Amino acid sequence: MKRLPHALVAGMVLELLSSLVFLLVYLKSRDLAFGQTWTMVMNGIDVAAHVLAAAGAVQLAGSLTGRAAVGAKIAAAAQLALVVMVGFWIGMQLWTSGDSATVWKVVSAARYVHAGLWLAFAVGFALVARPVGLAIALPVVAVFGVPLPVVGRLLYSGIHSETASIAIETVPYIVLSVLALEATWSRRMELVERPAADAADAFTRAGKALWLRVIAALSLAGLTFLVGMSRSADLIGLLRAVMLLAPIVDAIALALFARAVIALVRTPLAPWLLSAAAAFALAAIGMVAGRIAQLYDLFYGHHSEGLYGMAAREPVLDGLSTQVVPLVAATAITLVLVVIGRIARDRNLEDVRENIVIRTGVFVALMLGAMLMTHFLGGSTVGEAGVAVFMLFAIAGATLYALTIAAKLCAQGAELVALDPVGLPAAKVVSS
């Protein structure tokens with residue numbers, strides 16, 4: 001597995017697991033599987049899986065030649081297009097009015113595009129695969145497992161069991177992920193070692209992304225406070241815009257952070273831990289996109305029964321969904337901080353490692369404390385306005401201080417790597 005691009009393996013495994021988990025959740029509760037919170041989580045997982053697979057496929061293309069390299073590039077392009085499709089499905093939640101016939105025509109066209117992209121992905125890895133049987137199996141599974149709507153109606157129109165239909169729609173993604181990994185494995189002896197990414201630069205960019213979150217949060221909080229203190233009905237529209245802008249800035253900062261972590265995955269610095277960190281960061285972006293759509297619908301939508309029927313079953317923003325995103329984003333940051341601690345340990349800088357571990361613990365404690373206060377703030381335990389305002393300031397302060405700690409630790413990680421890029425253990429003098 002060391003020869004294979006870590007991002008590609010992580011993306012395919014994530015795609016496999018997400019499909020399997022969705023099937024199991026659906027078998028337990030249909031309402032839970034199609035509920036707002038779980039839909040938001042699945043959107044995030046899809047974004048993470050597609051982006052990681054695309055990044056890994058690009059790296060694979062650079063390590064191969066000939067038709068295999070072309071196939072890897074085709075697969076990467078298909079995965080990036082599937083990320084756009086996730087954004088499209090999130091955007092469709094806002095289309096709650098207008099001609100329903102037009103809506104379903106758009107949805108039908110999108111399903112054709114979705115099936116075509118998975119076929120392109122399968123063809124790409126068919127070109128990568130060395131065994132002929134594997135090369136044939138990939139497009140066959142795509143054609144019959146993720147069929148064009150017209151083909152799907154011919155093949156599966158006689159199936160009336162909803163559970164069987166969901167299984168038929170879900171299992172092919174699992175099979176395609178396994179076959180893609182097998183195709184990559186078949187070329188493992190031909191992979192050419194590529195220069196590793198600049199770890200110091202990647203850590204620096206990760207730190208800057210976190211500083212962007214801090215600066216943006218301070219600016220937006222100050223603007224929100226001024227609008228709230230003005231108590232002017234004319235500024236309600238501005239307040240809504242500010243509340244909508246906040247998650248957009250968060251998504252941009254998380255995207256920059258994820259980009260830096262994906263670069264770190266292409267270094268020998270704990271690539272599996274960093275792959276997990278990239279997955280969490282990308283998943284948070286997908287979830288934030290869902291929240292942006294929900295907020296837009298709350299402020300400017302018609303609040304009628306939407307395409308997915310969410311409006312009638314659940315509130316626009318429930319307490320659980322608002323806490324999932326910070327937890328996922330904090331997990332991504334924590335994993336990167338753990339890697340920085342390991343870098344210090346590998347360089348025998350024990351004092352530095354202990355300091356990093358302590359500050360990482362403070363970061364985790366502050367983020368968990370902020371999420372816990374957010375939970376109580378959204379419940380019925382807070383009854384006075386003064387207490388609520390105090391908790392809001394406490395949440396903001398804890399979050400900002402935690403992000404400041406993480407940004408400084410990323411900068412320290414860049415310094416550690418720059419001082420010793422190779423990471424050789426420090427020599428010790430042993431007295432006789």
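Remember, predicted model here, so these are calculated numbers, not experimental data. (Residues numbered from 1 in each chain as written. Predicted model: local features only at pLDDT ≥ 70, side-chain atom pairs only at ≥ 80, totals over all residues. Heavy atoms only, no water.)

K.L.:
Just give me the short version of the overall build of the protein chain, but keep the residues and values in it.
P.N.:
For the protein chain, the helix and strand inventory stands at 15 helices and zero strands. Considering the protein chain as a whole, with its 432 residues, one finds that 46% of them fall into the buried category. If you take every contact in the protein chain between residues at least 6 apart in sequence, the share linking residues at least 24 apart comes to 82%. Carbon and sulfur atoms form 68% of the exposed surface of the protein chain, whose accessible area is close to 21,000 Å². (Helix = DSSP H or I, 4+ residues; strand = E, 2+ residues; numbered from the N terminus. Buried < 20%, exposed > 50% of the residue type's maximum accessible area, 1.4 Å probe, protein only. Contact = heavy atoms within 4.5 Å. Areas by Shrake-Rupley, 256 points an atom, 1.4 Å probe, with all protein chains shown as cover.)

K.L.:
Could you give an account of helix H8 (residues 162-185), with specific residues and numbers?
P.N.:
Helix length check: H8, at 24 residues, gives a terminal C-alpha distance of 36 Å against a target of 34 Å (1.5 Å per residue), a fit within 8%. Taken residue by residue, H8 has Ile-166, Thr-170, Pro-172, Tyr-173, Ile-174, Leu-176, Ser-177, Leu-179, Ala-180, Ala-183 and Thr-184 as its buried positions. In this structure, the buried residues of H8 make contact with helix H1 (6-28), helix H3 (36-63), helix H5 (100-128) and helix H6 (132-145). (Expected span 1.5 Å × (residues − 1).)

K.L.:
Outline the pattern of salt bridges, listing residues and values.
P.N.:
Opposite charge on two side chains makes pairing possible when the charged atoms of those side chains draw close. As enumerated under the stated definition, the model contains six salt bridges in all. Across the pair Arg-187 and Glu-190 runs a salt bridge whose closest N-O atoms are separated by 2.9 Å. On the basis of relative accessible area, Arg-187 is assigned to the buried category, the value being 7%. Owing to a relative accessible area of 32%, Glu-190 belongs among the partly exposed residues under this scheme. Between Asp-201 and Arg-205 there is a salt bridge; the shortest N-O distance is 3.0 Å. With Asp-201 and Arg-205 both in helix H9 (residues 199-230) and four residues apart, this pair spans about one turn of that helix. Relative accessible area serves as the criterion here: at 35%, Asp-201 is assigned to the partly exposed category. Overall, Arg-205 belongs to the partly exposed group, its relative accessible area being 28%. Among the charged side chains, a salt-bridge network with shared partners connects Arg-130, Arg-187 and Glu-190. (Salt bridge = Lys/Arg side-chain N within 4 Å of Asp/Glu carboxyl O.)

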